[in-house]
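# Coordinates in review
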Protein chains: 2
Amino acid sequence: MLRKKIKKWRHVFKLDPNRLLSDLALKMICTSGTDAIIIGGTDGVTFENTFRLLERVKKYPVYCVQEISNHSAVVPGFDGYLIPSVLNTDQSYWIKGAHFEAIRTYGSLIPWNQIVLEGYVILNPEAKVARLTKCDANLQARDVTAYARLCDQLFRIPVFYLEYSGTYGKAEIVKAARKGLQYSRLFYGGGITDEQQAKEMAAWADTVIVGNLVYYHVEKAVSTVKWVKETKLRALK
Amino acid sequence: MLRKKIKKWRHVFKLDPNRLLSDLALKMICTSGTDAIIIGGTDGVTFENTFRLLERVKKYPVYCVQEISNHSAVVPGFDGYLIPSVLNTDQSYWIKGAHFEAIRTYGSLIPWNQIVLEGYVILNPEAKVARLTKCDANLQARDVTAYARLCDQLFRIPVFYLEYSGTYGKAEIVKAARKGLQYSRLFYGGGITDEQQAKEMAAWADTVIVGNLVYYHVEKAVSTVKWVKETKLRALK
């Protein structure tokens, strides 16, 4: 069950169906020892490109899930599905509206035990996803702690996802998120390009997600698996 | 723990701190055999009138919780706290915004194990609460099933609350909600005035909430406890 699986994820790659990746690079990613591959992206994601990428990943024995940004691009056959609910927006469509429409359409056909909700906080105001969802991405540490508590204690969402989307984040913000969490798993994604960054975020986040680096330096991307996995989570004082 | 307690609630009274209730009527309500008293309302609810009502209820050995509509009126000393999140609105403030502000203000002082979230669906478009929260209250049965699934399967909120707020609802809508629920407890509230209505809703809702009737026919309100408790939940076909 996905809900249990994610508790063991320490390192994950996120692949964008709308970007090109050679067979060799894909093989390196899928056999890297990462805990899972997430397929998803903000724009240009279609049923066709998602399906094609899934078919290619399926040649390898790696756990592969889809992160759903648009219900018309949902592809059957994944090991599981992650569904974001954006917390730092006032656009209800991105909190629960798109979800309601999908549930209203698919009704009892949805395989709920393969699905996990993610409480998203988007922290890079320049990112496409921030503009799309009209996020308030300029948050202080105490705001992030409050969103973490909202996600963890009030809504009990299994994943709290800090998304810096292409830029490298601030360790103090990731630490502020940890402060608010007991139950939700902390995912960090954004801008990791070297060992120091991979290890810094792996010290505070339960799960580190590497995306962009796959597309411009696949060897380094593969190394992030080792860097993250040899780092121990630090205790909060 | 409140989360466990609510699973046994079959009948509940809801008292409005902004309405007058004689000592005799209050005694009848508190000793009626109901499973709990909820104190809360939409307008005119203050710290002072909530505190005064709690003090009066506390003379009796009945479980008493506050339903929070406004964090400036939160009173310590209740057995627990219910926090509504309105699902059929596009105003993010009523979904998670007010909650975020409260968490941001009170931080680590919040006693989370005394708190339970409620997924609210408001079905009377004329109700004050519907206008306040700008709800889309004109829902079909399939919409209500979809909201139930959103609450139950996606968000895993412990309570799905169908609020008809002063008017008596439709059994088919309550049944449609049941269809979408596995995990969340179904609360029904609105317009129950006689035995037939109490029993009709008690056949489909896990918990029946009686509010208004307390204020204009307290003897009948007391009788709803018996009517609800002698009704068995009907199985969905």
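You'll find chain A entered in an unreviewed UniProt entry as Heptaprenylglyceryl phosphate synthase, with Thermoflavimicrobium dichotomicum given as the organism. The heading Catalytic activity (unreviewed entry) in the UniProt record of chain A holds the text "sn-glycerol 1-phosphate + all-trans-heptaprenyl diphosphate = 3-heptaprenyl-sn-glycero-1-phosphate + diphosphate". UniProt, in its Pathway (unreviewed entry) section for chain A, records the words "Membrane lipid metabolism; glycerophospholipid metabolism."

## As for the UniProt feature "binding site: Mg(2+)" (unreviewed entry) in chain A
Residues and elements named next belong to chain A. Feature annotation in UniProt assigns "binding site: Mg(2+)" (unreviewed entry) to the following positions: D16 and T42. Across 27 residues, the annotated set stays spatially compact, with a maximum C-alpha separation of 8.5 Å. Ignoring anything within four residues of it in the chain, the contact list for D16 reads G40, G41, V45, L53 and Y215. When near neighbours in sequence (up to four residues on either side) are disregarded, T42 contacts K128, V129 and L132.

## Thoughts on the pairing of strand β3 (residues 64-67) of chain A
A regular strand carries its side chains on alternate faces of the sheet. All names here are of chain A. Neither face of β3 is left uncovered, since the one carrying C64 and Q66 and the one carrying V65 and E67 both have all their residues buried. The pairing of strand β2 (residues 36-39) with β3 spans three bridges and is parallel. Within β3, the position partnered with I38 by the bridge is V65. Of the crossover connections in this fold, the one passing from β2 over helix α3 (residues 47-57) to the parallel β3 is right-handed. Bridge count for β3 against strand β4 (residues 80-86) is three bridges, and the pairing is parallel. Looking across to β4, one finds that E67 is bridged to L82.

The rules behind these values
- Residues numbered from 1 in each chain as written.
- Chains lettered and ligands numbered in written order.
- Predicted model: local features only at pLDDT ≥ 70, side-chain atom pairs only at ≥ 80, totals over all residues.
- Heavy atoms only, no water.
- UniProt positions renumbered as here; feature names shortened; annotations may be inferred.
- Contact = heavy atoms within 4.5 Å.
- Buried < 20%, exposed > 50% of the residue type's maximum accessible area, 1.4 Å probe, protein only.
- Helix = DSSP H or I, 4+ residues; strand = E, 2+ residues; numbered from the N terminus.
- Pairing = 2+ DSSP bridges.
- Right-handed = clockwise from strand over helix to strand, strands pointing away.

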